[in-house]
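# Reading the structure
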Amino acid sequence: MDKIERVDIHERTLIARRISEAKHAVAESVTDEFFVRHPDWVARYGDAGRVRGIEDAKYHIDFLASAIESGSTAPFEDYARWSSRMLASRGIDPVFVAENFHQIGESLNRVMADDSAETILRFIEAGRAACVDAAADTRETGAGELEQTQRLFLESILQGRRQAAVTIALEALRSGCGIIDVYTEILQESQYQLGRLWESNKITVAEEHMATAITQFVMAQIYPRIEPAERFRGRMVLTGVEGEMHQIGANMVADVLEVKGWDVRFLGTNMPHQGILKAVKEHRADVVGISATMLFNLPKVIEIIKDLRATFGNELKIIVGGASFRQVPEMYLEIGADGFAPDLKSTVDFLESIS
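Presented here is an overview of the structure given in this document. (Residues numbered from 1 in each chain as written. Predicted model: local features only at pLDDT ≥ 70, side-chain atom pairs only at ≥ 80, totals over all residues. Heavy atoms only, no water.)

Turning to the nonpolar core, a few remarks are in order. If you look at the biggest cluster of nonpolar residues, it comprises 82 residues, and the most contacted ones within it are Ile19, Leu64, Leu108, Tyr183, Leu187, Val218 and Ile222. Each residue touching isoleucine 222, except ones within four places of it in the same chain, is listed here: Ala169, Leu170, Leu173, Ile179, Val182, Tyr183 and Leu187. (Core = buried A, V, L, I, M, F, W, Y, C linked by side-chain atoms within 4.5 Å. Buried < 20%, exposed > 50% of the residue type's maximum accessible area, 1.4 Å probe, protein only. Contact = heavy atoms within 4.5 Å.)

Here it is, written out as structure tokens:
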């Protein structure tokens, strides 16, 4: 265990809180200083560059504070690599990120107590070294970058840093990652990991709910960026049965399918039985997707499938998904559905096979 990790948790929390309290003033001062050091940036980026510089500095400070509170430099090193690669895609050399970290460290140590200087310096230097690694290693692309982005996203939602989570997701899009990849590799994978953390009692119900709510907020920021698909594939109603309270998985499916060209009527969850039938008729749906997370909701799923078949016949395609079906994947055959999709990708694959 290194020197930083031996710092008492209460002391680390105090340092992190004081860093957060100084965030706004430090971000403004280091950005102004940076533009003085690099006057060519004023000509290149203007006032908008200063605004963005302050925002970036605040994110640097947020991740620094949370890493210090955790007692490990690893989260800040991950953030440094991600931030360096993200900015490099915009033509900004990682050396400038490392310089910004150094400025932040110096500024914080001017406003913080002397006994916190060693802790701050240790984390700042770890971040700067990670920037150098990112600059030297240009070979890590594709899945590796998405995995790193996903780790940062998960860390952000667990810490309640809503704007940081939004920034991470939107930066992935700006860097060329497709919306479907952001949903499947970042958002969906983070939700899976949240579930595993909760099941192993490593996070509380409140923390899981907070993180899920932030993910939904991020999705709301991504949704307006969905471009109309060139090909119309069909009409779909997506819903959870009455008593089903988990919505985010079905919401992800709805968004991704719109990207693929489906006209999706997303009803949310806990939908009354007759309301589902009415929506399918009004939307003239070709496909109905039904989500069930808890096994005790399966009787409602069976009931609605029975009535959908009686009302609309076998021409209507029915696909089921959710955690309850992942436990017994072949069950969809017994209850009269046409398919089972355990995740976003399999949902897309199934619908492409019938459209």
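Evaluation of the coordinates by the stated rule reveals 19 salt bridges. For aspartate 40, the salt bridge is made with arginine 44, and the minimal N-O distance between the two is 4.0 Å. Taken together, the positions of aspartate 40 and arginine 44, both in helix α2 (residues 39-70) and four residues apart, correspond to about one turn of that helix. Given the relative accessible area of 47%, arginine 44 is considered partly exposed. A salt bridge links aspartate 349 to lysine 345; the nearest nitrogen and oxygen atoms lie 3.0 Å apart. Of the two residues, aspartate 349 and lysine 345 are both situated in helix α15 (residues 344-354); the distance of four residues between them amounts to about one turn of the helix. The exposed category is assigned to lysine 345, whose relative accessible area is 55%. Where salt bridges share partners, they join Arg52, Glu55, Asp56, Glu171 and Arg174 into one cluster. (Salt bridge = Lys/Arg side-chain N within 4 Å of Asp/Glu carboxyl O. Helix = DSSP H or I, 4+ residues; strand = E, 2+ residues; numbered from the N terminus.)

Our next topic: empty space enclosed by the protein. For the structure on display, the rule yields one cavity of 30 Å³ or more. One number sums up the size of the largest cavity: a volume of about 70 Å³. Looking at the largest cavity, the residues that line it are Asp56, Tyr59, His60, Phe63, Tyr79, Trp82, Ser83, Met86, Ala164, Thr167 and Ile168. Taken together, the residues of the lining of the largest cavity sort by class into seven nonpolar, three polar and one charged. (1 Å grid on protein atoms, 1.4 Å probe; cavity = no way out; pocket = protein on both sides within 12 Å on 5 of 7 lines; lining within 4 Å. Points joined across faces, edges and corners; volume = space filled by probe spheres on them. Nonpolar A, V, L, I, M, F, W, Y, C, P; charged D, E, K, R; others polar.)

Looking at chain direction, strand β1 (residues 234-240) and strand β2 (residues 262-266) are connected through five bridges and run parallel. Within the sheet, the bridge partner assigned to arginine 235 lies in β2 and is aspartate 263. Read as a crossover between parallel neighbours, the route from β1 over helix α10 (residues 248-259) to β2 is right-handed. (Pairing = 2+ DSSP bridges. Right-handed = clockwise from strand over helix to strand, strands pointing away.)

Let's shift gears to the layout of surface pockets. Taken as a whole, the largest pocket spans an internal volume of roughly 1200 Å³. Residue lining of the largest pocket: 38 residues in total, with His246, Ile248, Thr293, Ala323 and Arg326 positioned closest to the centre. Contributing elements (two or more residues each) for the lining of the largest pocket: α8 (179-199), α9 (205-222), β1, α10, β3 (287-291), β4 (317-321), α13 (323-327) and α15. Within the lining of the largest pocket, the residues separate by chemical class into 18 nonpolar, 15 polar and five charged.

Looking now at α8. Compared with an ideal rise of 1.5 Å per residue, which puts 21 residues at 30 Å, α8 spans 29 Å between its outermost C-alpha atoms and is within 8% of the ideal. The largest bend in α8 comes to about 30°, at glutamine 188. Among the residues of α8, Ile179, Val182, Tyr183, Thr184, Ile186, Leu187, Gln188, Ser190, Gln191 and Leu194 are the ones counted as buried. Downstream of α8 by one or two residues, asparagine 201 has phi in the positive range, about 65°. (Expected span 1.5 Å × (residues − 1). Bend = angle between axes of the 7 residues up to and from the residue.)

Right, let's get into the pairing of β4. For β4, a buried count of four out of five residues is recorded, marking the element as mostly surrounded by other parts of the structure. Summarising the sheet, β3 and β4 pair through five bridges and their orientation is parallel. If you follow valine 288 over to β4, its bridge partner there is isoleucine 318. Viewed along the sheet, the connection from β3 through helix α12 (residues 298-312) into β4 turns out right-handed. Where β4 and strand β5 (residues 339-341) come together, three bridges link them in parallel fashion. For valine 320, the partnering residue across the bridge sits in β5 and is phenylalanine 340.

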